[in-house]
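Chain residues, written in single-letter form:
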Amino acid sequence: MKVIVCKTTVLTIFSLCLLLSLGCEEENPATFYLRKWIGVYDGTSRHWSTYPSVVNGNWQIITNESNRKVTVDVGIGVQDSALNFKITYNDSITSISENLLFSNEGVHFAQTGGGSGYGSVNIRFVADSLYYSLFQKCGIPCSSGIDFKIKKI
């Protein structure tokens, strides 16, 4: 029995296999757990600040608070175990943070500075919710922050 293989057929099959292999992206096991947190989250954020002031001749700590509509778009970062965040307040004020590292429990914590310049960000995912807390000292007696717990839509 004689088998005749056409060069064109072999080339076509090889080309198809090559295209299929290029089109398939291998899932990185180190970032697979991040996929459950990708998406858009929506809700209300609380923005606050405290500072000392003299009121009627007495020193007092003044606290200002406001609420804003917040939308957070979460995507995969380019580093292992990293997520990207695009945060939009009141449909216009946007903050973008890229490659924030997350544990497999869904927690990110980072801090900067120290003393009167200390700042921190704490983010965690629980079920279908995103918890976010940003804290920043602005001198010894004053500080500011943003907090929210919002749901995935």
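None of the values given here were measured: they were computed from a predicted structure. (Residues numbered from 1 in each chain as written. Predicted model: local features only at pLDDT ≥ 70, side-chain atom pairs only at ≥ 80, totals over all residues. Heavy atoms only, no water.)

Participant: For this particular structure, what's the right way to read the overall build of the chain?
Facilitator: Along its length, the chain carries one helix and eight strands. The order of α-helices and β-strands along the chain, N terminus first, is α-β-β-β-β-β-β-β-β. Looking at the chain as a whole, 25% of its 153 residues qualify as buried. Relative to all contacts within the chain whose residues are 6 or more apart in sequence, the contacts with residues 24 or more apart total 39%. By element, 58% of the accessible surface of the chain is carried by carbon and sulfur atoms, the whole surface being about 10,200 Å². (Helix = DSSP H or I, 4+ residues; strand = E, 2+ residues; numbered from the N terminus. Buried < 20%, exposed > 50% of the residue type's maximum accessible area, 1.4 Å probe, protein only. Contact = heavy atoms within 4.5 Å. Areas by Shrake-Rupley, 256 points an atom, 1.4 Å probe, with all protein chains shown as cover.)

Participant: Can you help me understand the state of the cysteines in this one?
Facilitator: What is meant by a disulfide is a covalent connection between two cysteines, made through their sulfur atoms. Scanning the entire structure with this criterion turns up one disulfide. Paired through a disulfide, C138 and C142 show a sulfur-sulfur distance of 2.5 Å. Taking the relative accessible area as the measure of exposure, C138 reaches 44% and is therefore partly exposed. Classification of C142 by relative accessible area gives buried; the value is 11%. (Disulfide = S-S within 2.5 Å.)

Participant: Please clarify how the sheet that holds strand β1 (residues 39–55) should be interpreted in this entry.
Facilitator: Hydrogen bonds between backbone groups are what pair the strands of a sheet, and the pairing can be parallel or antiparallel. Spatially, eight strands are ordered β4-β3-β2-β1-β8-β7-β6-β5 in an open sheet, and the strand pairing comes out antiparallel. Of all the strands in the sheet, just β4 (93–101) and β5 (107–112) have a single pairing partner and so form its edges. Along the sheet, successive strands turn relative to each other by an average axial angle of 15 degrees, direction set aside. Bridge count between β5 and strand β6 (residues 119–126): six bridges; the pairing is antiparallel. Across the sheet, the residue bridging to A110 is V121, located in β6. (Pairing = 2+ DSSP bridges. Axes fitted to C-alpha atoms, helices over the stretch in contact; angles between N-to-C directions.)

Participant: Can you walk me through the nonpolar core in this structure?
Facilitator: Nonpolar side chains in soluble globular proteins tend to be buried together. With 21 residues, the main nonpolar core has V72, F85, F125, L130 and F148 as its most contacted residues. With four residues, strand β3 (residues 82–89) is the single largest residue contributor to this core. Contacts of V72, omitting those with residues within four sequence positions, involve G39, V40, Y41, F85, K86, I87, L130, F148 and I150. (Core = buried A, V, L, I, M, F, W, Y, C linked by side-chain atoms within 4.5 Å.)

Participant: What is the right way to read the environment of L101 from this model?
Facilitator: Tracing the backbone shows L101 in strand β4. Distance in space between the C-alpha atoms of L101 and S81 is 5.5 Å, their sequence separation being 20 residues. In this structure, L101 is in contact with Q79, D80, S81, A82, V107 and H108, ignoring residues within four places of it in sequence.

Participant: Any chance you could explain the packing of aromatic side chains here in plain terms?
Facilitator: Here a ring pair, both rings aromatic, is described through the centre-centre distance and the interplanar angle of the planes. Taken as a whole and judged by the stated rule, the model has nine aromatic pairs. When the centroid spacing of 5.8 Å and the interplanar angle of 80 degrees are considered together, the rings of Y33 and W37 count as edge-to-face. Both residues of the pair, Y33 and W37, belong to the buried class. Taking 5.1 Å as the distance between ring centres and 10 degrees as the angle between the ring planes, the aromatic pair formed by W37 and F125 counts as stacked. One end of the pair, W37, is in the loop between α1 (7–23) and β1; the other, F125, is in strand β6, with 88 residues separating them in the sequence. Note on accessibility: W37 and F125 belong to one class, buried. By the ring-pair criterion, three or more aromatic residues cluster together here, those being Y33, W37, Y41, F85, F102 and F125. For R124, the ring lying beneath its charged end belongs to Y131, and the centroid distance is 4.2 Å. (Phe/Tyr/Trp six-rings, centres within 6.5 Å; stacked < 30°, edge-to-face > 60°. Lys NZ or Arg CZ within 6 Å of the ring centre and 35° of its normal.)

Participant: Mind showing me how you'd approach the side chain of T88 here?
Facilitator: Position of T88 relative to the elements: it lies in strand β3. Those residues within four positions of T88 in sequence are excluded, and the remaining contacts are K69, V70, T71, I93 and T94.

Worth remembering: the numbers are spatial, not functional.
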